[in-house]
Amino acid sequence: MGADENTIIRVENVSKTFSGKDGQVEALKNINLDIHQGDIFGIIGMSGAGKSTLVRCLNFLERPTEGHVFIDGKDLSGLNEKELRAERTQIAMIFQHFNLLMQRNVIDNVCFPMEILGISKAKARKRALELLEEVDLADKAKSYPAQLSGGQKQRVAIARALASDPKILLCDEATSALDPTTTKSILALLKEINEKHGITIVIITHAMSVVQEICNRVAIIDGGTLAETGTVLEVFSRPKSRAAMKLVYPDGGDTSVAEMKGRHCIRIVFSSNSSFEPVIGNMVLYCNAPVNILLADTRDIGGIAQGQMILQLPEDEQVAARMIAYLRERNLGVEELDGYVG
Amino acid sequence: MLAEFWQEYGQMLAEGTGTTLYMTLASTLMAYVLGIPMGIILVVTAPGGLKPNAPVYKVMDFIVNIVRSIPFLILLIMIMPFTRLIVGQSYGSTATVVPLVVSAAPFIARMVESSLLEVDHGVIEAAQSMGADNWTIIWKVMLTEARTSLIVGATIALGTILGYSAMAGTVGGGGLGDIAIRYGYYRYETNVMLITVVLLVLLVQIMQAIGMKISKKLDKRITG
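Residues numbered from 1 in each chain as written. Chains lettered and ligands numbered in written order. Predicted model: local features only at pLDDT ≥ 70, side-chain atom pairs only at ≥ 80, totals over all residues. Heavy atoms only, no water.

**Brief notes about the overall build of chain B**
Stated formally: Secondary structure elements are defined from DSSP: runs of H or I of at least 4 residues count as helices, runs of E of at least 2 residues count as strands, and each element is numbered from the N terminus. Each residue is placed in one exposure class: buried if its accessible area under a 1.4 Å probe, protein chains only, is under 20% of its type's maximum, exposed if it is over 50%, and partly exposed if it falls in between. Between two residues, a contact is recorded if the distance between any of their heavy atoms is within 4.5 Å. Per-residue accessibility takes into account occlusion by the displayed protein chains alone, with areas from the Shrake-Rupley method and a 1.4 Å probe. In summary, the charge assignment counts Lys and Arg as positive and Asp and Glu as negative, without counting His or the chain termini. A charged residue contributes its charge at one atom only: NZ of Lys, CZ of Arg, CG of Asp or CD of Glu.
What chain B contains, in helices and strands, is 10 helices and zero strands. The order of α-helices and β-strands along chain B, N terminus first, is α-α-α-α-α-α-α-α-α-α. The principal-axis extents of the C-alpha atoms in chain B amount to approximately 70 × 50 × 25 Å. Of all 224 residues assigned to chain B, the portion counted as buried reaches 48%. Within chain B, residue pairs in contact and separated by at least 24 positions form 73% of the contacts whose partners lie at least 6 positions apart. When the accessible surface of chain B is totalled, it reaches about 11,600 Å², and 69% of it is carbon and sulfur. Of the side-chain charges in chain B, 14 are positive and 13 negative, and the distance between the mean point of each set is 4 Å.

The structure is reproduced here in structure tokens:
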């Protein structure tokens, strides 16, 4: 295949069709993805976009109708049941609703994957305690899940996921049932795990803030297709697809663009390495015409400040063209919005 | 007067209670030996189950429905040749156990099925994602997670089977039902019949209380 050696998960032309009572539903259409060793990879999309189906294709909880999934170069569709189960012990998963065994206490929950692997009870318990230590819940070893808060349950689920020493951790909306503070602490824990154990993490979410917080690469799923993929920085600063724009500028972008329909507007994106030169001011002086600033906003993406601004340019096409050229010369991302129907 | 009553009927009532308990417990136990695997098969082979298998599911579903719709008294008479084959006779308490088991097993299968279906699908999915095989999922996830519901079901089954065993008394099955029919119906000794009814009610109450207590104690979803 000639993929680069870093690729740990490769999704090749994956489609998934569900046949139900009302005919067939195409949940995924021809998805291609490469996820690298050590990535924290975000898969984001609106609900119903197919992201949960996609993540289940990565461990074959859902078998793709077409296409292949390679884990470490191994084609999952070529494996028999037993081999597939063995492979799954290497691909751990955590869930929105934690999915702990309610009739087992915390430490026995963490021991469960090790029971499946046939690890001796004494050894499993020792390892489980270490893992609980790691997720800061050693004092709850004897508690039952019903006695824990949502954040604590997810920590138990994370400890359980690590018990089989996986190389990949899939997170299916793992923070969607949690409050913002707990979400932050769970994300910090995931990042720590990624750094400490070198586990590749795939995060499914509908929340842009989650991707912004910890992912380095992101794929945007829209209507079962892959709308866009790239580094988080790229996708956030210059969203190309409609789906991406909708996610990146959920309230700002779309509505104001709609209002500005028919007028000559542009979106400029600054990154922190843009010079401190007063670009807009100089442009106005240089072109000798005023502009109207409709929206200006700065956000922190992966520790780098990203600014965007929406300008309304003069009616005169020539002046407007000069302004755009002026900005492009200064290496700013410029995107014309007037043909855009919001 | 009470002393006289006890002298006359005490031993018979005690023996009847013992026989009823023997029939109820023995047939519940054996019905579970059959009913649990049947319930598991129903859940596992159902569409969307762990290992969907339409023919097996449909046959099992059909058998369970058919047997469940035959009234117990009719079933008891219908399978008398089968009972004779197994026990050697078609009357008496041990012989009654056979139709009780045949009648209760499908009923128990349904209750086991519904208990297992209550188990959160997400937990089963989590076990699959860990690489658990279907046996592990059935034993360590489904049956364990459903145990409270299974015990409540067993309590209900015991009560129902106790009722059936009393009914079997009318055709010479022995036990409290037999006493009630012989004294209350044939000999118009209403007080004996009333006492047997009281004893039956007490038995059900005690079983119910014990079952609920055990299920509560084992349920770890209840905090505190």
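**Topic: the domain arrangement of chain A**
Residue and element names in this part refer to chain A. Spelled out, the test is: Note that domain bounds follow an automatic or database assignment of domains. Buried area: the sum, over both parts, of the accessible surface (1.4 Å probe) that disappears when the two are put together. In the sections that follow, a salt bridge refers to a side-chain nitrogen of Lys or Arg positioned within 4 Å of a carboxyl oxygen of Asp or Glu. Throughout this entry, Asp, Glu, Lys and Arg are counted as charged residues, while Ala, Val, Leu, Ile, Met, Phe, Trp, Tyr, Cys and Pro are counted as nonpolar. The remaining residues, Gly among them, count as polar.
On domain assignment, one finds that chain A holds domain 1 (7–247) and domain 2 (253–336). In this structure, domain 1 and domain 2 have C-alpha centres spaced 38 Å apart. Counting residues at the interface gives nine residues for domain 1 and 11 residues for domain 2. Buried area between domain 1 and domain 2, both sides added, is near 840 Å², and the carbon and sulfur share of it is 56%. When residues of domain 1 are sorted by the area they lose upon contact with domain 2, Gln 212, Leu 233 and Ser 237 head the list and together hold 50% of the total. Put simply, domain 1 and domain 2 have zero salt bridges between them. If you list the elements that add at least two residues to the side of domain 1 that touches domain 2, you get helix H8 (232–237) and helix H9 (242–248). When residues in the side of domain 1 that touches domain 2 are grouped by element, the largest group, four residues, is from H8. The residue makeup of the side of domain 1 that touches domain 2, split by class, is four nonpolar, two polar and three charged.

**Considerations on helix H7 (residues 134–145) of chain B**
When H7(B) is considered as a whole, its buried residues turn out to be B:Thr136, B:Ile137, B:Ile138, B:Val141, B:Met142, B:Leu143 and B:Glu145. Residues of H7(B) that are buried sit in contact with helix H3 (106–117) of chain A together with helix H1 (2–45), helix H5 (93–117), helix H6 (121–129) and helix H8 (147–168) of chain B.

**Examining helix H1 (residues 51–58) of chain A**
H1(A) sits mainly inside the fold: seven of its eight residues count as buried. Here H1(A) has its buried residues at A:Lys51, A:Thr53, A:Leu54, A:Val55, A:Arg56, A:Cys57 and A:Leu58.

**Description of the packing of H1(B) against H5(B)**
Residue and element names in this part refer to chain B. Just so we agree on the cut-off: To define axes, lines are fitted to C-alpha atoms, for helices over the stretch in contact only, and angles between the resulting N-to-C directions are given on a 0 to 180 degree scale. Put simply, angles under 35 degrees are roughly parallel, angles over 145 are roughly antiparallel, angles from 65 to 115 are roughly perpendicular, and the rest are oblique. Crossing chirality is assigned from the near helix's rotation relative to the far helix, an anticlockwise turn below a right angle marking it left-handed and a clockwise turn marking it right-handed.
Two elements in contact, H1 and H5, have axes whose closest approach is 5 Å; the angle formed by their N-to-C orientations is 40°. By the angle between their directions, the pair H1 and H5 is classed as oblique. Along this stretch, H1 crosses H5, giving a crossing that reads as right-handed. Each residue belonging to the contact of H1 with H5 can be placed in one class, and the counts come to 24 nonpolar, eight polar and two charged.

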